[in-house]
Every structure is written in structure tokens, then in C-alpha cells.
Amino acid sequence: MPDRPRWVLVVDDEPDTCANLADILGDLGYQVDVAHSGPQALELAARRMYDLALLDLRMPGMDGLELYRQLKERSAGTVAILVTAYTSGETAQRALDSGAWQVLSKPVDIGKLLGLVQQALDQPLVLVVDDDRELCATLWDVLREQGYRVHLAHDVPQAGSVLTGAAIEVVLLDLKLPGGDGAQVLQQIRRQAPQVRTILITAYRDELAEKVQAALAEGASTVCYKPLEMDHLLQQLHSLCPAGPDAM
């Protein structure tokens, strides 16, 4: 897969903290944007898809937890590390329950932070394309637990946007989508990123049999039928794109 810049978003209401982290991460080759508030961070996220977000938990106005919830809606594949001076069990658990990956205490141990940044960005990136939002949420939880980063798209244009902005390794692709179908996404994959592997997912085993066979002939790797058997799906995914040794 061609190299792409790794983009990190640093959000803290202390400008010196942002500047220091941006300098350190920039020296290591990461591309870094900084914001000093939740709304400013969301403005940046509207223009760019971030691989990782380092978020201060306690900020005036929108706190880091609410900011992450909104970032996740826009870019589910962005891994979040929350940083806080208030690391009570309840605070950390609330952050983790919302989908944040790690919670670090202030003052930040830079060595530990950099290790976590690298570990997070080493996680393979999967795109789930399906208009069933409940299924997408379930797959996000399951795949994150297995050590994958997970982007979500619910229609053909969203899928195209993610494929353009992120270094996807495997796509889980529903063949029936609003305003189009999975075949259009598969064509875009072949044009833009032919190295990306695709697992077809569909509930229409008989109705879409010809489309499934055509997609497999055009480069899709395999098909899994709904209702999904998670163990089988994970086995197929692991065979195409093994997760790192450190699962969630």
C-alpha cells in the first residue's frame, strides 16, 4: 500500500501543550494540526480525516469526551487518546465506554504517549460500508476489540470519501446501498486502490447471486451472508489482514 501521511489532531486549551506535542510529533514524521477548543477541532475535522486525536478531557465549553463523540460521528476510524489530570476510575471508564482507546494522566509521560501513538497507527484500517447503522455500530465494537481501526460509511458517496482520505486495507461491503450499490464502490476500489481487499456482505443470497459472482470475478475476496456469523467473518478478515498482536 502506498505510504500516506499520518495525520494527528492535538486538542488542548493550553497553547504551550499543543505546541510542544506538535513539535515532538512533527519531528517524528507525523503531520499535526492543533486546536484549542472543541468547536475549532470540529472545524478542522470537517476538512481532514485524522488517524489519531489527542484530546484534553477538561476544556472550557465542549469537553474532550463530547468532542470525541462528535469526531466519531464524522470519522469513526480516528483513534482517540484522552489526556486528563482527573484520572478517577469513573472518568476513565466514561471515556472508554464512549469508544476512546486510551486515557492518560497529566503530566503526560512522553515516552509512553509516543509508544501508544505508534501502536494505534499500526492497527490495520477497515472500512465498513452498510446502510444498517445498528449493524455498523456492532461491527465497530467487535472489530475495535480485535485490534482494527474502523471507518464507517452508509452510502456510495461516503464510501468514496473515506477511500480517498484514508489508507484502507480491507472493505466490508454491503451490495445494496442507498442511491447505488456495492458494485459502484468495488469499481472505485479497483480504480483508486486495487491493493485493498474486499469482503462482500449481503442478506440476499439468491437474489444477488449473479452480482456476487460478478463481484468475486472482478476482484472481491470472499462473501459473508447476513445474518453475519461473527466468528466466520473475523476468520475471513484475519486471513486477509491480520490485526496487530495487541488487541483492544
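Scroll up for the structure.
Calculation criteria
Residues numbered from 1 in each chain as written. Predicted model: local features only at pLDDT ≥ 70, side-chain atom pairs only at ≥ 80, totals over all residues. Heavy atoms only, no water. Pairing = 2+ DSSP bridges. Helix = DSSP H or I, 4+ residues; strand = E, 2+ residues; numbered from the N terminus. Axes fitted to C-alpha atoms, helices over the stretch in contact; angles between N-to-C directions. Contact = heavy atoms within 4.5 Å. Buried < 20%, exposed > 50% of the residue type's maximum accessible area, 1.4 Å probe, protein only. Polar contact = N/O pair within 3.5 Å; in protein donor to acceptor, adjacent residues only side chain to side chain. 1 Å grid on protein atoms, 1.4 Å probe; cavity = no way out; pocket = protein on both sides within 12 Å on 5 of 7 lines; lining within 4 Å. Points joined across faces, edges and corners; volume = space filled by probe spheres on them. Right-handed = clockwise from strand over helix to strand, strands pointing away. Parallel < 35°, antiparallel > 145°, perpendicular 65-115°, else oblique. Left-handed = near helix turned anticlockwise from the far one by under 90°. Nonpolar A, V, L, I, M, F, W, Y, C, P; charged D, E, K, R; others polar. Phe/Tyr/Trp six-rings, centres within 6.5 Å; stacked < 30°, edge-to-face > 60°. Lys NZ or Arg CZ within 6 Å of the ring centre and 35° of its normal.

K.L.:
Can you walk me through the sheet that holds strand E2 (residues 31-35) in this structure?
P.N.:
Hydrogen bonds along the backbone pair up the strands of a sheet, which may run parallel or antiparallel. Spatially, E2-E1-E3-E4-E5 is the arrangement adopted by the five strands of the open sheet, whose pairing is parallel. Unpaired on one side and paired on the other, E2 and strand E5 (102-105) mark the two borders of the sheet. Neighbouring strand axes in the sheet, compared pairwise and without regard to direction, differ in orientation by 20° on average. For strand E1 (residues 7-11) and E2, the ladder comprises five bridges, and the chain directions are parallel. Considered in E2, the bridge of valine 11 is made with alanine 35. Packed on one face of the sheet, helix H2 (residues 38-45) meets E1 and E2 and runs near 145° to E2. Packing of helix H5 (residues 110-121) onto the sheet brings it into contact with strand E3 (52-56), strand E4 (79-84) and E5, and relative to E3 it is tilted by some 140°.

K.L.:
Looking at this structure, how should I read the side chain of aspartate 56?
P.N.:
Note that aspartate 56 resides in strand E3. Taking relative accessible area as the criterion, aspartate 56 reaches 4% and is therefore assigned buried. Looking at aspartate 56, its side chain comes within polar contact range of the side chain of lysine 106, at 3.3 Å. For aspartate 56, the residues in contact, after removing those within four places along its chain, are Val11, Asp12, Asp13, Gly64, Val83 and Lys106.

K.L.:
Honestly, the environment of leucine 116 in this entry has me stumped. Any pointers?
P.N.:
Along the chain, leucine 116 falls in helix H5. For leucine 116, a relative accessible area of 10% gives the class buried. Every residue in contact with leucine 116, bar those within four places of it in the chain, is listed here: Ile81, Trp101, Gln102 and Leu104.

K.L.:
When you look at the layout of surface pockets in this model, what are you seeing that I'm missing?
P.N.:
Leftover empty space is mapped by rolling, across the atoms, a probe with the size of a water molecule. Computed from the structure, the largest pocket encloses a volume of approximately 470 Å³. Around the largest pocket sit 21 residues that line it, and Lys72, Glu73, Arg74, Ser75 and Leu152 are the ones nearest its centre. Elements with a minimum of two residues in the lining of the largest pocket: helix H3 (64-74), helix H6 (133-145), strand E7 (149-153) and helix H7 (156-165). Among the elements that make up the lining of the largest pocket, the one with the highest residue count is H6 (five residues).

K.L.:
Is there a simple way to think about the pairing of E1 in this case?
P.N.:
Looking along a regular strand, one sees the side chains alternate between the two faces of the sheet. The buried count for E1 comes to five of five residues, which makes it a mostly enclosed element. Burial along E1 is two-sided: the face carrying Trp7, Leu9 and Val11 and the face carrying Val8 and Val10 are both buried. Of the crossover connections in this fold, the one passing from E1 over helix H1 (residues 15-27) to the parallel E2 is right-handed. Where E1 and E3 come together, four bridges link them in parallel fashion. Considered in E3, the bridge of leucine 9 is made with alanine 53.

K.L.:
Hey, could you run me through the packing of H1 against H5 in this one?
P.N.:
The description of two helices packed together rests on the angle between their axes and the distance between the axes. For the pair H1 and H5, interaxial distance at closest approach is 12 Å and the crossing angle is 55°. It follows from the interaxial angle that H1 and H5 lie oblique. Where H1 crosses over H5, the two elements pack in a sense that is right-handed. Contact residues: Leu21, Ile24 and Leu25 in H1; Ile110, Leu113, Leu114 and Val117 in H5. Per-class residue counts for the contact of H1 with H5 are seven nonpolar, no polar and no charged.

K.L.:
Would you explain the packing of aromatic side chains in this entry?
P.N.:
Within a pair of aromatic rings, the relevant descriptors are the distance that separates the centres and the angle that separates the planes. Scanning all chains against the criterion turns up zero aromatic pairs. We note arginine 48 situated over the ring of tryptophan 7; from NZ or CZ to the ring centre the distance is 3.5 Å. The positively charged end of lysine 176 is found above the aromatic ring belonging to tyrosine 204, 4.1 Å away from the centroid.

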